[in-house]
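Take a look at the letters that make up each chain.
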Amino acid sequence: MKKTILFDLDGTLIDSTSAILKGFDRAFLSHGKKEPDHNALKSLVGHTLEIMFERLGASKNLIDSYIKEYKACYEKIYLDETVLLDYANEALKEASSFADVGIVTTKTSKFSIILLEHLGVMKYIKTVIGRDDVANPKPNPEPINLALTRLNKDKNNAFMVGDTIMDLMAAQAAFVTGVGLTCGYGQKSDLEKFSKHIFSNPFEAVSFIKEV
């Protein structure tokens, strides 16, 4: 039976930091607030937008408005300001040669698919699970379980590859093997608390999975 490899997006396969920062700056400025601290913002990537805005100080009753402003800005720039991380294309190509490949992200699946098509890698991917597809995002196991259901796969020989502890916590909760990456937003010391399989880029992770 073919293996299953599920990838996170931001910090795992793509770098959309510039678009994310500009979107958050726009949202805060439009509400009369100063731009958020960018280092604090980057440390929250991987969480849902609701959680990110709340932790950055947005008023709870205005979070929907902040998100609307963020998305209005992000939608205009994300294709031009997002690139594949080093070795991401090679990782996806190699993964698709021996595994069923899916994406599990807290971005919306609609924009993720458009972006992956734009970057030329959607051909390697069989399903995309976004924030809009689930009630409970990572670190809840629901997105991983839904991806496996859509792929008609069980949890044997299934792997979740990501750069934050949310990815690895979701993997643990779903009873699949979590593989951490240090090329994104998470800290190696934090990732090591949730997986013994930590690599510097997605191609190294795929090479490991192929040999398991």
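Scroll up for the structure.
Not measured: the values here are computed from a predicted model.

Criteria and cut-off values
Residues numbered from 1 in each chain as written. Predicted model: local features only at pLDDT ≥ 70, side-chain atom pairs only at ≥ 80, totals over all residues. Heavy atoms only, no water. Helix = DSSP H or I, 4+ residues; strand = E, 2+ residues; numbered from the N terminus. Core = buried A, V, L, I, M, F, W, Y, C linked by side-chain atoms within 4.5 Å. Buried < 20%, exposed > 50% of the residue type's maximum accessible area, 1.4 Å probe, protein only. Contact = heavy atoms within 4.5 Å. Pairing = 2+ DSSP bridges. Axes fitted to C-alpha atoms, helices over the stretch in contact; angles between N-to-C directions. Phe/Tyr/Trp six-rings, centres within 6.5 Å; stacked < 30°, edge-to-face > 60°. Arc of directions from axis to C-beta.

Engineer: Teacher, can you tell me more about unusual backbone geometry here?
Structural biologist: The phi angle of most residues is negative, glycine excepted, and most peptide bonds adopt the trans form. Across the junction of Lys138 and Pro139, the peptide omega takes the value 15 degrees, indicating a cis bond. When you line up the elements, Pro139 lands in the loop between strand S5 (127-129) and helix H7 (142-151). Of note, Asn157 is a non-glycine position whose phi angle comes to about 55 degrees, a positive value. For Asn157, the location among the structural elements is in the loop between H7 and strand S6 (158-162). Positive phi, normally seen in glycine, also occurs at Phe175, with a value near 60 degrees. The topology assignment puts Phe175 in the loop between helix H8 (165-174) and strand S7 (177-181).

Engineer: So what exactly am I meant to see when it comes to the nonpolar core here?
Structural biologist: Counting residues in each nonpolar core, the largest one holds 53 residues, and the members touching the most others are Phe7, Phe24, Phe53 and Ile125. Leaving out residues up to four positions away in the same chain, Phe7 has contacts with Thr12, Leu13, Leu92, Ala95, Val101, Gly102, Ile103, Val104, Met160, Val161 and Val206. One finds Leu6, Val104, Ala158 and Met160 within the second-largest nonpolar core, a separate group that totals 14 residues.

Engineer: Hey, could you run me through the pairing of S6 in this one?
Structural biologist: Remember that side chains alternate between the two faces of the sheet whenever the strand is regular. In terms of burial, S6 is largely enclosed, as 5 of its 5 residues are buried. Of the two faces of S6, the one holding Ala158, Met160 and Gly162 and the one holding Phe159 and Val161 are both buried throughout. Direction of pairing for strand S1 (residues 3-7) relative to S6: parallel, over a ladder of 4 bridges. If you follow Phe7 over to S6, its bridge partner there is Val161. Judged from the 4 bridges that link them, S6 and S7 form a sheet pairing that is parallel. Residue pairing for S7: Val161 is matched across the bridge by Val179.

Engineer: Can you help me understand the environment of Asn157 in this one?
Structural biologist: Residue classification places Asn157 among the partly exposed residues on the basis of a relative accessible area of 40%. Excluding its chain neighbours within four sequence positions, the residues that come into contact with Asn157 are Lys3 and Thr4.

Engineer: What exactly am I supposed to notice about the sheet that holds S1 here?
Structural biologist: Consider a sheet: its strands pair through backbone hydrogen bonds, and that pairing is either parallel or antiparallel. In space, the 6 strands of this open sheet follow the order S5-S4-S1-S6-S7-S8, with parallel pairing throughout. The sheet is open, and its two edges are formed by S5 and strand S8 (198-199), each paired on a single side. Most of the contacts of H7 go to S5, to which it runs at about 155 degrees, and overall it touches S1, strand S4 (99-104), S5 and S6. Sheet strands in contact with H8 are S6 and S7, and its direction is about 170 degrees off that of S7.

Engineer: Just to check I follow, could you spell out the packing of aromatic side chains for this structure?
Structural biologist: Any aromatic ring pair is given by two values, namely how distant the centres are and how the planes are angled relative to each other. Per the counting criterion, the structure on display carries 10 aromatic pairs. Here Phe28 and Tyr66 contribute two aromatic rings whose centre-to-centre distance is 5.1 Å and whose plane-to-plane angle is 65 degrees, an arrangement assigned as edge-to-face. Taken together, the residues Phe28 in helix H1 (residues 17-30) and Tyr66 in helix H4 (residues 63-77) connect sequence positions 38 residues apart. When its relative accessible area of 4% is taken as the criterion, Phe28 is described as buried. Using a relative accessible area of 1% as the deciding quantity, one classes Tyr66 as buried. A connected cluster of aromatic rings, assembled from ring pairs, spans Phe24, Phe28, Phe53, Tyr66, Tyr70, Tyr74, Tyr78 and Phe111.

Engineer: Mind showing me how you'd approach helix H6 (residues 109-118) here?
Structural biologist: Because an α-helix packs 3.6 residues into every turn, residues spaced three or four apart end up facing the same way. Every buried residue belonging to H6 is among Ser109, Phe111, Ser112, Leu115 and Leu116, and all of these are buried. The buried residues of H6 all sit within an arc of 160 degrees when viewed along its axis, so they share a single face. In H6, the exposed positions angled more than 90 degrees off the buried face are occupied by Lys110 and Glu117. Buried residues belonging to H6 abut strand S2 (14-15), H4, S4 and S5. Looking at the residues trailing H6, positive phi occurs at Gly120, about 80 degrees.

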